[in-house]
Amino acid sequence: MKCFIYPILFPLLLILTNALDPPLLTLPYSNLTLLGAHDSPFIGPHLTQNQNLNVTAQLDLGIRFLQGQTHRAPDDENRLQLCHTSCVLEDGGSLVDFLRIVGAWLEKNPAEIVTLLLTNGDRVGVEMFGGVFKEAGLDGLVFVPSGGGGGNGVLPMNEWPSVQEMVDMGKRLVVFLDYGANPSSIPYILDEFAYFFETPFGETNPSFPNCSIDRPPGATADNRMYIVNHFLNVEILGIKVPDRIRAPRTNAVRGNGSIGAQAELCEGLHGRGPNVVLVDFVDQGEVIEAQRVLNGL
Ligand SMILES: *[C@@H]1O[C@H](CO)[C@@H](O)[C@H](O)[C@H]1NC(C)=O
Ligand SMILES: *[C@@H]1O[C@H](CO)[C@@H](O)[C@H](O)[C@H]1NC(C)=O
Ligand SMILES: *[C@@H]1O[C@H](CO)[C@@H](O)[C@H](O)[C@H]1NC(C)=O
Ligand SMILES: *[C@@H]1O[C@H](CO)[C@@H](O)[C@H](O)[C@H]1NC(C)=O
């Protein structure tokens, strides 16, 4: 009996997690296009929630870039909580629990790397983030750039290692913070806007016509990777919420308003493909297929 079951079960187990395609493992990190889960910890069917799949399932699907908002917990100002603007609107749990989920996934998937982009809504000191990474047992796993020919401690775009090299170094988590990073205090929490620019967010036009540089102010595309905010909002009673209904079209590979269409517009404007395309509802449309296509596979 066993002889019949094993050959059937084994391939099934192998495909449970979508891996990054092998040709991408040897490219510099700064030449990859990753599809990212916007507001990855806000999971569920409500208006304020951006994802249907939990974080483990997002990673299993093939997502390798997770974005999340942090705030001080309302009941404990020394705890960082994943909340949507306010913890009353949407509370996605504590940052340490989120990090433990990511850490457990990395432990089960030793050939993979994951990138986190955290926002610092309450502008807390970066040491508080460092404390949470330590508490989750992840501080030793986070990539710390070295070299940095730029002289300002920022790793230039053409000096990034490949995914394979990061795996070999045992540095399988890359962490960016939008505001308040201070590499001289916590070297593994990187200053998002020293490395990336972003296109505007909060788009309500389903054709996604805008790829201009929104943040940091006054930035040019030179020597910065870039993040395309490709999640659609709809205004309900003057409040912008994620557009769940249009998600299959927004997250399509090609067609008007798709991931592919906005990436093409951005590439035309900035001379190279996006490094990250952030989307809501990663299970809608064809997000992983879009990731393959944008990487030229
Ligand atoms: C995450 O989602 C998967 C797939 O739906 C499910 O099997 C798993 O139990 C979920 N994990 C948690 C912690 O809820
Ligand atoms: C694109 O977004 C920027 C804000 O970052 C805004 O200033 C500009 O007017 C927008 N362009 C169009 C065509 O909507
Ligand atoms: C995309 O569709 C919108 C209507 O939803 C239309 O106004 C726009 O011209 C279309 N864009 C392209 C490039 O076809
Ligand atoms: C990666 O490099 C190729 C070849 O130079 C280029 O066409 C593509 O736009 C680059 N992608 C990114 C994300 O830099």
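Figured I'd write up the structure that's included with this text. (Residues numbered from 1 in each chain as written. Chains lettered and ligands numbered in written order. Predicted model: local features only at pLDDT ≥ 70, side-chain atom pairs only at ≥ 80, totals over all residues. Heavy atoms only, no water.)

### What about the layout of surface pockets?
Roughly 780 Å³ of internal volume is contained in the largest pocket. In this structure, the largest pocket is lined by 35 residues; those nearest its centre are Asp39, Gln69, His84, Thr85 and Phe201. Elements with a contribution of two residues or more to the lining of the largest pocket: strand E2 (65-73), strand E5 (114-120), strand E10 (233-236) and strand E11 (239-242). The residue makeup of the lining of the largest pocket, split by class, is 12 nonpolar, 15 polar and eight charged. In this structure, the second largest pocket occupies an estimated 160 Å³ of space. For the second largest pocket, the full set of lining residues is Val144, Pro145, Asn152, Gly153, Val154, Pro183, Pro187, Leu190, Asp191, Ala194 and Tyr195. Those elements that place two or more of their residues in the lining of the second largest pocket are strand E7 (189-191) and helix H6 (192-195). Partitioning the lining of the second largest pocket into residue classes produces eight nonpolar, two polar and one charged. (1 Å grid on protein atoms, 1.4 Å probe; cavity = no way out; pocket = protein on both sides within 12 Å on 5 of 7 lines; lining within 4 Å. Points joined across faces, edges and corners; volume = space filled by probe spheres on them. Helix = DSSP H or I, 4+ residues; strand = E, 2+ residues; numbered from the N terminus. Nonpolar A, V, L, I, M, F, W, Y, C, P; charged D, E, K, R; others polar.)

### A word on the site of ligand 4
Near ligand 4 the following residues occur: Ser30, Asn31, Leu32, Thr33, Glu267, Arg272, Gly273, Pro274 and Asn275. Interatomic distance of 2.4 Å between a side-chain N/O atom of Asn31 and an oxygen atom of ligand 4. Contact distances for ligand 4 include 3.0 Å between an oxygen atom and a backbone N or O atom of Gly273. In the shell around ligand 4, the residues fall into two nonpolar, five polar and two charged. (Near = heavy atom within 4 Å. Polar contact = N/O pair within 3.5 Å; in protein donor to acceptor, adjacent residues only side chain to side chain.)

All we've got here are geometric facts, nothing functional implied.
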